[in-house]
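# Analysis of the macromolecular model
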Amino acid sequence: MSSAVTSKIIETRVYDGQKPGTSGLRKAVRIFMQEHYTENFIQAILQALGEQLLGSTLVVGGDGRYYGKEVVRKIIRIAAANGVKKLIVGQNGILSTPAVSTIIRKYKTLGGIVLTASHNPGGPDADFGIKFNCENGGPAPDTVTNKIYEITKVLKNYKIIPDIAIDIDKIHSTTIQVDENPFTVEIIDSVDDYLEHMKNIFDFSSIKTLLQGSNDRPAFKVLINAMNGVTGPYVRRIFSHELGVSDSSIVNVTPLEDFGGLHPDPNLTYAKDLVDAIKNGPYDFGAAFDGDGDRNMILGKNAFFVTPSDSLAVLAANLNSIPYFKKTGIKGYARSMPTGAAIDRVAAKTGVKLYEVPTGWKYFGNLMDAGHLSLCGEESFGTGSDHIREKDGIWACLAWLSVVANLGKSVEDILLNHWQTYGRNFFTRYDYENCDSEAANKMMHHIESEIQKPEFMGSKLTSGSKTYVVKLGDNYSYVDLIDGSQASKQGLRILFQDGSRIIYRLSGTGSSGATIRVYVDSYEDDPASLNKDAQEVLKPLVTIALEISKLREFTDRDAPTVIT
Ligand code: G6P
Ligand code: ZN
């Protein structure tokens, strides 16, 4: 224990726009670097916790991006001055988002602060983010983030102990006296707790046999790409040390502050090097994760792409391959509203309850806490379960490997069999990134007024030889089953009589301009159609979606930035 220190009160100025979005406050690094900007937001988070803060323990860590370590040091100094008793910090400031959730739950802390802008690029000219997770391990709900925002609007000062200097690169624990009270910072191994949790969930020995091969089966060759993000150390420990995969099968496994210039978003556009490597290499399986480790992309041999919506449905149908679910049973499934409805078919056939929630992982949390939900996912490459309260990229990969080990089939065959059993929901998403915000808002208003005209209901929309009859057009709203809280304006929906859907949403995770997302989902059970290319099958609906929205006219864009 070192000598006592005292806290200082620093006068500050209010910064506008510190309103947390879908996943915390996410802005350009240079905005966070403004004098007092980051300190204000940290103070607001702590203050929003009210009296519970005194004597509390919090977890701190992030995805290793530029400015992260600096912010860890600021959090240590500000938390110490605000009556926090203990911080559990990942070594080098590194903790994946799923690991933060794991650690909050395991040590029953009051919450955690995650330093990440998820899949957004990193580096001095890119993005940073700060997100608060509550004691259930999940992203703070609107009630908490609104409180944080209200505080940022009136904050006059923050408390800090400027001379605390703790080495966050070394695993150790330090306690100092702050105004008579002990304050502890424990620097922990970033991977240990998460690895232990995964070992309790999955049968590592059967996955190892799959990956190493056995007398009756050749080794199942995988390529795991950590995209220079936070999952590097986790991938190394789990896939290399535990499961015995060779070093050449794990790539980009050193976390870099700028992700090596990559856009760490695991999709067909930004993880193209994985797609190419799988296409041209001897691999049976590929997986990539985003900057903070909660998103995943799964590929089969020849880069056969598993859409996140299908991935969710296949896992739902095969949860018996995973020991965790044998223990807990299957309580329910859920997906976000724009996610393809493939899992709905599994739920219907197996009699398991299905929930639909707005976009954003936080909406799953209440259902899980109340014991209604085992598995959930989103089209935005998020898959997870009630083992934590975040989506979990490495978990999804291990879940897939468990299913492959159990069924003894290729990824493609697993999908084909699944579609033969349940029919296929063709799904695609078109993204128009960095559009002019005003133009995007005008477009959304235009769509909303079109789809709410009384004559829209029942109208027939035609493209080529396909005609769709409108069942309903609305702006999606949601009432939380558990606490009755409401979320409105969560996306414009056009539902057709045959179950097909078009959805328009503005992204809540961008840091500049507006990103328009157009989601198209259509169900087919004709065996001759199951194998078809999704873009081909969905073309008529995409054309209709673009026509109704007048997207080209409003935004001047004739092609999407990303198609998933
Ligand atoms: C984050 C959240 C997800 C959500 C996604 C939506 O990744 O954790 O739960 O689905 O953002 O992003 P968007 O850009 O579409 O708002
Ligand atoms: Zn993420």
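Conventions we followed
Residues numbered from 1 in each chain as written. Chains lettered and ligands numbered in written order. Predicted model: local features only at pLDDT ≥ 70, side-chain atom pairs only at ≥ 80, totals over all residues. Heavy atoms only, no water. UniProt positions renumbered as here; feature names shortened; annotations may be inferred. Donors = N, O, S within 2.8 Å, 3.2 Å for Na, K, Ca; no water. Buried < 20%, exposed > 50% of the residue type's maximum accessible area, 1.4 Å probe, protein only. Helix = DSSP H or I, 4+ residues; strand = E, 2+ residues; numbered from the N terminus. Near = heavy atom within 4 Å. Polar contact = N/O pair within 3.5 Å; in protein donor to acceptor, adjacent residues only side chain to side chain. Areas by Shrake-Rupley, 256 points an atom, 1.4 Å probe, with all protein chains shown as cover. Nonpolar A, V, L, I, M, F, W, Y, C, P; charged D, E, K, R; others polar. Domains from an automatic or database assignment. Core = buried A, V, L, I, M, F, W, Y, C linked by side-chain atoms within 4.5 Å. Contact = heavy atoms within 4.5 Å. Pairing = 2+ DSSP bridges. Axes fitted to C-alpha atoms, helices over the stretch in contact; angles between N-to-C directions. Buried area = accessible area lost by both parts, 1.4 Å probe.

Per an unreviewed UniProt entry, the protein chain is named phosphoglucomutase (alpha-D-glucose-1,6-bisphosphate-dependent), and its organism is Tetragonisca angustula. Checking UniProt for the protein chain, the heading Cofactor (unreviewed entry) contains the comment "Mg(2+)". The annotation that UniProt attaches to the protein chain under Catalytic activity (unreviewed entry) is "alpha-D-glucose 1-phosphate = alpha-D-glucose 6-phosphate".

A few words on the coordination of the zinc ion (ligand 2). Looking at the zinc ion (ligand 2), one finds its protein donor set to be Ser-118 (OG), Asp-290 (OD), Asp-292 (OD) and Asp-294 (OD), positioned 2.0 to 2.1 Å from the metal centre. Linear spacing of the donor residues for the zinc ion (ligand 2) on their chain is S-x171-D-x1-D-x1-D. Judged by its relative accessible area of 0%, Asp-290 falls in the buried class.

Annotation from UniProt places "domain: Alpha-D-phosphohexomutase alpha/beta/alpha" (unreviewed entry) at residues 18-156, 192-299 and 310-422. A helix fraction of 51% and a strand fraction of 14% characterise residues 310-422, whose end C-alpha atoms lie 11 Å from each other.

A few words on unusual backbone geometry. If you check the backbone angles, Asp-179 has positive phi at about 45 degrees while not being a glycine. Following the sequence through the fold, Asp-179 ends up in the loop between strand E9 (172-178) and strand E10 (181-188). Non-glycine residue Asn-434 carries a positive phi angle of around 55 degrees.

Before going further, it helps to examine the site of ligand 1. What surrounds ligand 1 is a group of 14 residues, the closest being Glu-378, Lys-391, Ser-507, Thr-509 and Arg-517. Trp-361 has a polar backbone atom sitting 2.8 Å from an oxygen atom of ligand 1. Here an oxygen atom of ligand 1 and a side-chain polar atom of Ser-507 are 2.6 Å apart. When ligand 1 sits alone it has 390 Å² of accessible area, and the protein chains cover 98% of it. The class makeup of the residues in the shell around ligand 1 is one nonpolar, eight polar and five charged. Two domains each donate at least three residues to the shell around ligand 1, and these are domain 2 (193-422) and domain 3 (424-563).

The biggest cluster of nonpolar side chains holds 73 residues, and the ones touching the most others in it are Phe-239, Trp-395 and Trp-400. Residue contributions to this core peak at eleven residues, all from helix H14 (residues 393-407). Counting residues domain by domain, this core receives three or more from each of domain 1 (2-189) and domain 2 (193-422). In this view, Trp-400 contacts Phe-285, Ile-298, Val-306, Ser-311, Val-314, Leu-315, Val-411, Ile-414 and Leu-415; residues no more than four positions away in its chain are not counted. Of all hydrophobic cores here, the second largest spans 51 residues; its members include Val-5, Phe-32, Val-71 and Val-89.

What links the strands of a sheet is backbone hydrogen bonding, and the strands pair in either a parallel or an antiparallel sense. Taken in spatial order, the seven strands line up as E21-E22-E25-E26-E27-E20-E28 in an open sheet, and their pairing is antiparallel. The outermost strands of the open sheet, each flanked by one partner alone, are strand E21 (460-463) and strand E28 (562-563). The pairing of strand E25 (residues 492-496) with strand E26 (residues 501-506) spans four bridges and is classified as antiparallel. Counterpart to Ile-494 in the pairing with E26 is Ile-502. On top of the sheet, helix H17 (residues 534-549) reaches strand E20 (424-435), E21, strand E22 (466-475), E25, E26, strand E27 (514-524) and E28; it is set at about 45 degrees to E20, its chief contact.

Looking now at the domain arrangement of the protein chain. Examined at the domain level, the protein chain breaks down into domain 1 (2-189), domain 2 (193-422) and domain 3 (424-563). Relative to domain 2, the C-alpha centre of domain 1 lies at a distance of 29 Å. Domain 1 puts 37 residues into the contact, and the matching count from domain 2 is 35 residues. Summed over both sides, the interface between domain 1 and domain 2 buries roughly 2,700 Å², with carbon and sulfur atoms accounting for 54% of that surface. Broken down residue by residue, the surface that domain 1 buries against domain 2 is led by Pro-98, Thr-102 and His-119, which jointly contribute 21%.

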